[in-house]
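# What the coordinates show
One letter stands for each residue in the lines below.
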Amino acid sequence: MTAVPPRRRMVPAYLATGGRSRPSRAAFDRLTLLHSASPDPPQGLEAEHRRLWELLRPGALTLVEAAAHLRLPVSATNFLAADLVDAGGLQARSPIPRAQQIDRTLVERLLDGLRSLR
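Residues numbered from 1 in each chain as written. Predicted model: local features only at pLDDT ≥ 70, side-chain atom pairs only at ≥ 80, totals over all residues. Heavy atoms only, no water.

Tallying secondary structure elements over the protein gives four helices and three strands in all. A total of 118 residues make up the protein; the buried ones form 29% of that total. Of the roughly 8,900 Å² of accessible surface on the protein, a fraction of 55% belongs to carbon and sulfur atoms. (Helix = DSSP H or I, 4+ residues; strand = E, 2+ residues; numbered from the N terminus. Buried < 20%, exposed > 50% of the residue type's maximum accessible area, 1.4 Å probe, protein only. Areas by Shrake-Rupley, 256 points an atom, 1.4 Å probe, with all protein chains shown as cover.)

In structure tokens:
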């Protein structure tokens, strides 16, 4: 059985940005959560924008997950997402910040205290 090579994109990824060098808003983090903001797509979407909106219609994905599904670089997907947020078709939520580092000495003292209870 031979492996089937992945399909190549017929259109270069940079064309999805419309030749722009910066998105319309500040760049999203790779873990920004994207989800559809309306049951119907905004009017006048280009093909790549429509693909992203349809991908997110059933549920939320991070920017990097959406890029993988679309087979586009994260930077190009960032442009598409920013355009759709501006058009009211998507909502974006910042990633949940990581928890603060736990003080190792506190954990060690807690373990020592638990061991002394034996």
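Alright, that's what it looks like, and here's the rest.
Backbone geometry at Arg-71 places phi at a positive 60 degrees, although glycine is not the residue there. Inspection of the secondary structure assignment puts Arg-71 in the loop between helix H2 (63–70) and helix H3 (74–86).

For the structure on display, the rule yields four salt bridges. Between Arg-51 and Glu-48 there is a salt bridge, with the nearest N and O atoms lying 3.0 Å from each other. Here Arg-51 pairs with Glu-48, and both are found in helix H1 (residues 47–56), just three residues apart, close to one helical turn. Note that Glu-54 and Arg-50 form a salt bridge whose closest N and O atoms lie 3.8 Å from each other. Remark: Arg-50 and Glu-54 occur in helix H1; sequence separation between them is four residues, near one turn of the helix. Accessibility expressed as a relative area gives 33% for Arg-50, which makes it partly exposed. (Salt bridge = Lys/Arg side-chain N within 4 Å of Asp/Glu carboxyl O.)

What follows covers the packing of H2 against H3. Following both chains from N to C, one finds H2 and H3 inclined at 105 degrees, their axes separated by 9 Å at the closest point. Classed by the angle they form, the pair H2 and H3 counts as roughly perpendicular. In contact with Leu-63, Val-64, Ala-66, Ala-67 and Leu-70 of H2, H3 contributes Val-74, Thr-77, Asn-78, Leu-80 and Ala-81. (Axes fitted to C-alpha atoms, helices over the stretch in contact; angles between N-to-C directions. Parallel < 35°, antiparallel > 145°, perpendicular 65-115°, else oblique. Contact = heavy atoms within 4.5 Å.)

With antiparallel pairing, the three strands of this open sheet are ordered in space as E2-E1-E3. Only two strands of the sheet have a single neighbouring strand rather than two, namely strand E2 (61–62) and strand E3 (90–93). Alignment of strand E1 (residues 33–36) against E2, held across two bridges, turns out to be antiparallel. Counterpart to Leu-34 in the pairing with E2 is Leu-61. Against the sheet, H3 engages E1 and E3, with an angle of about 115 degrees to E3. (Pairing = 2+ DSSP bridges.)

Counting residues in hydrophobic clusters, the biggest one holds 19 residues, and the most contacted among them are Phe-28, Leu-52, Leu-56, Leu-63, Ala-81, Leu-84 and Leu-90. Those residues in contact with Ala-81 that sit more than four places away from it in its chain are Phe-28, Leu-34, Leu-52, Leu-63 and Leu-90. (Core = buried A, V, L, I, M, F, W, Y, C linked by side-chain atoms within 4.5 Å.)

Regarding H1, the residues found buried are Glu-48, His-49, Leu-52, Trp-53 and Leu-56. In a view along the axis of H1, the buried residues occupy a sector of 135 degrees, so they form one face of it. (Arc of directions from axis to C-beta.)

Turning next to the side chain of Thr-32. Its place among the elements puts Thr-32 in the segment before E1. Non-local contacts of Thr-32, meaning those with residues more than four positions away in its chain, are made with Leu-61, Thr-62, Leu-63, Ala-92, Arg-93 and Pro-95.

As a further point, take the environment of Thr-77. Examined against the element boundaries, Thr-77 turns out to sit in helix H3. Through-space distance from the C-alpha of Thr-77 to that of Leu-52 is 8.2 Å; in sequence the pair is 25 residues apart. Among all residues touching Thr-77, those that are not within four sequence positions of it are Leu-52, Leu-63, Ala-66, Ala-67, Leu-70 and Leu-72.

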